[in-house]
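Spelled out from the first residue to the last, the chains are:
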Amino acid sequence: MNIHEYQAKELFAQYGVAVPKGEVCDNAESAKALSEQIFAGGTEMVVVKSQIHAGGRGKGTFKSGYQGGVKLCKSADDVYDAAKNMIGEVLVTKQTGEDGRLVSKILVAEARIIKEELYFAVLLDRATSTPVIMASTEGGVDIEEVAETTPEKIVKEWIDPAKGLYPFQARKVAVALGLGGKLLNSAAKLIMATYKTWWESDAAMVEINPLCIIEGEDGKDEVMAVDAKVSFDDNALYRHPNIQAMRDLAEEAELEIEASKFDLNYIKLDGNIACLVNGAGLAMATMDIIKHFGGDPANFLDVGGGASKEQVSAAFKIILSDPNVEGILVNIFGGIMDCNVIASGIVAAVKETGLSLPLVVRLEGNNVAAGRATLADSGLTIISGDTMSNAAQKVVQAVNA
């Protein structure tokens, strides 16, 4: 689950991570009033930031023609103008696709003078099964770009999950970022607090880009999280009702929301061949083999290792809600999964929905003989695939025909 920048900063503040003063607004009048308070505190600049679940906001373009989803403002009137042009409008960035995202909220915050931009993140290194800190002096740009062009500028520090982040490790990362003097300790404190945020909230990733050296209110340099991006492990959300409450359904695809109600892992894609698979790895391989034989997958759909008849039926309805779907490939390898349960769910779903699209089913594993018999005895037009390769070829051929 993803949350907005303003929510991430609220979470950061709870754990002691330094963030700019600011609040979220949903109309231009309140944005102007808030900015007047911020300017009255001595700040010379205020930033207005569109709140959507996508990056590249600053370089984005609204469908109205207004340029930029992030604006630096020198007056309350400028803030009002920016808010008027953002709220209720659709912002298109390199991460939103052509459809863009509707901006319903903006973050209005103080904008201190930035002297240096850095990058900082905490995530799980799946290769070592341990948390890892990633940091770089190249802040303010995509970390993927840094990794490709100047990988030597990315610093990594692995953390023993049983012991946690040691202060000396935090200082080590701060030194690698070129921070010294009084900034060293404040940076180490921020790094420790950010790691604690990641660990205690069961986050999948915490990213600060940019992590900035700014000019403080007293003229002295400070380290501050100017931007914030946090995503969470869905499997741990039951432990964090306060974080669950931050979920913004308006930022999620309608079909993905419906799938979540049945504990299905669904992601809509742009193709025309729908996939229904058990297991994330097998689902990825199924999409790959559809592409290999010249087709385009319409979705990623993992029903899990122990799906029920009801879940299979729900999965079919979700698949058929996508108007781009012209064929369906069911690829099941029964380990824990009972193939006959899947087969029964398929038969029920096809009858209930009146499916007329080509349907190819490949079953293998636990109770497969009973599953195949259920499909054969159903009287429905179901194409059988002997292997994953064979099934993929058949669904591509059927859709092309």
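Provided above is the structure to which this section pertains.
This text gives an overview of the structure that appears in the document. (Residues numbered from 1 in each chain as written. Predicted model: local features only at pLDDT ≥ 70, side-chain atom pairs only at ≥ 80, totals over all residues. Heavy atoms only, no water.)

**Let's talk about the side chain of arginine 362**
Argument step 1. Structurally, the position occupied by arginine 362 is in strand β18 (residues 359-365).
Argument step 2. Buried charged residue arginine 362 carries no salt bridge. Nearest counter-charge: glutamate 364, at 4.9 Å.
Argument step 3. Look past the residues within four positions of arginine 362 in its chain and what remains in contact with it is Val330, Asn331, Ile332, Gly385, Asp386, Thr387, Met388 and Ala391. (Helix = DSSP H or I, 4+ residues; strand = E, 2+ residues; numbered from the N terminus. Buried < 20%, exposed > 50% of the residue type's maximum accessible area, 1.4 Å probe, protein only. Lys, Arg positive; Asp, Glu negative; His and termini not counted. Salt bridge = Lys/Arg side-chain N within 4 Å of Asp/Glu carboxyl O. Contact = heavy atoms within 4.5 Å.)

**Some thoughts on the sheet that holds strand β7 (residues 106-110)**
Sheet strands pair by backbone hydrogen bonding; their relative direction is either parallel or antiparallel.
Argument step 1. The strand order β1-β7-β2-β4 describes an open sheet built from four strands, whose pairing is antiparallel. The sheet terminates laterally at β1 (22-25) and β4 (70-73), the two strands that pair on one side only. Averaged over all neighbouring strand pairs, the angle between strand axes comes to 20 degrees, with direction disregarded.
Argument step 2. In the sheet, β1 pairs with β7 via four bridges, with the strands oriented antiparallel. (Pairing = 2+ DSSP bridges. Axes fitted to C-alpha atoms, helices over the stretch in contact; angles between N-to-C directions.)

**Re helix α3 (residues 76-86)**
Three- or four-residue spacings in an α-helix give side chains the same orientation, since the helix completes a turn every 3.6 residues.
Argument step 1. Considered for burial, the residues of α3 that qualify are Ala76, Val79, Ala82, Ala83 and Met86. Seen from one end, α3 has its buried residues packed into an arc of 120 degrees, which puts them on one side.
Argument step 2. Looking at the packing, one finds that the buried side of α3 touches α2 (28-40), β2 (46-50), β3 (61-62), β4 and β7.
Argument step 3. A positive backbone phi angle near 85 degrees is found at glycine 88, which sits one or two residues after α3. (Arc of directions from axis to C-beta.)

**So, the packing of aromatic side chains**
Argument step 1. Under the definition given, this model contains five aromatic pairs.
Argument step 2. On the basis of an interplanar angle of 50 degrees and a centroid distance of 5.9 Å, the ring pair of phenylalanine 62 and tyrosine 66 is categorised as tilted. We note that phenylalanine 62, like tyrosine 66, is buried.
Argument step 3. By way of ring pairs, the aromatic residues Tyr195, Trp198 and Trp199 are connected into one cluster. (Phe/Tyr/Trp six-rings, centres within 6.5 Å; stacked < 30°, edge-to-face > 60°.)

**So, the environment of glycine 56**
Argument step 1. Along the chain, the position of glycine 56 falls in the loop between β2 and β3.
Argument step 2. On the basis of relative accessible area, glycine 56 is assigned to the partly exposed category, the value being 29%.
Argument step 3. Through-space distance from the C-alpha of glycine 56 to that of valine 399 is 37 Å; in sequence the pair is 343 residues apart.
Argument step 4. Contact partners of glycine 56, with chain neighbours within four places excluded, come to Thr93 and Lys94.

**Re unusual backbone geometry**
Argument step 1. In this structure, proline 210 follows asparagine 209 across a cis peptide bond, with omega equal to 15 degrees.
Argument step 2. On the secondary structure map, proline 210 appears in strand β11 (residues 203-215).
Argument step 3. Its identity is not glycine, yet serine 129 carries a phi of approximately 55 degrees, on the positive side.
Argument step 4. Owing to a relative accessible area of 56%, serine 129 belongs among the exposed residues under this scheme.

**Looking at the sheet that holds strand β6 (residues 101-102)**
Argument step 1. In spatial order, the strands read β3-β5-β6; together these three strands make up an open sheet with antiparallel pairing. What marks the edges here is a single partner per strand, and that holds for β3 and β6.
Argument step 2. Of the pairings in the sheet, the one linking strand β5 (residues 90-92) to β6 comprises two bridges and is antiparallel in character. Bridge pairing in β6 places leucine 91 opposite arginine 101.

**Brief notes about the environment of methionine 388**
Argument step 1. Among the structural elements, methionine 388 can be located in helix α13 (residues 388-400).
Argument step 2. Residues methionine 388 and threonine 286, spaced 102 residues apart in sequence, show a C-alpha to C-alpha distance of 7.5 Å.
Argument step 3. With sequence-adjacent residues up to four places away left out, methionine 388 is seen in contact with Leu282, Ala285, Thr286, Ile289, Asn331 and Arg362.

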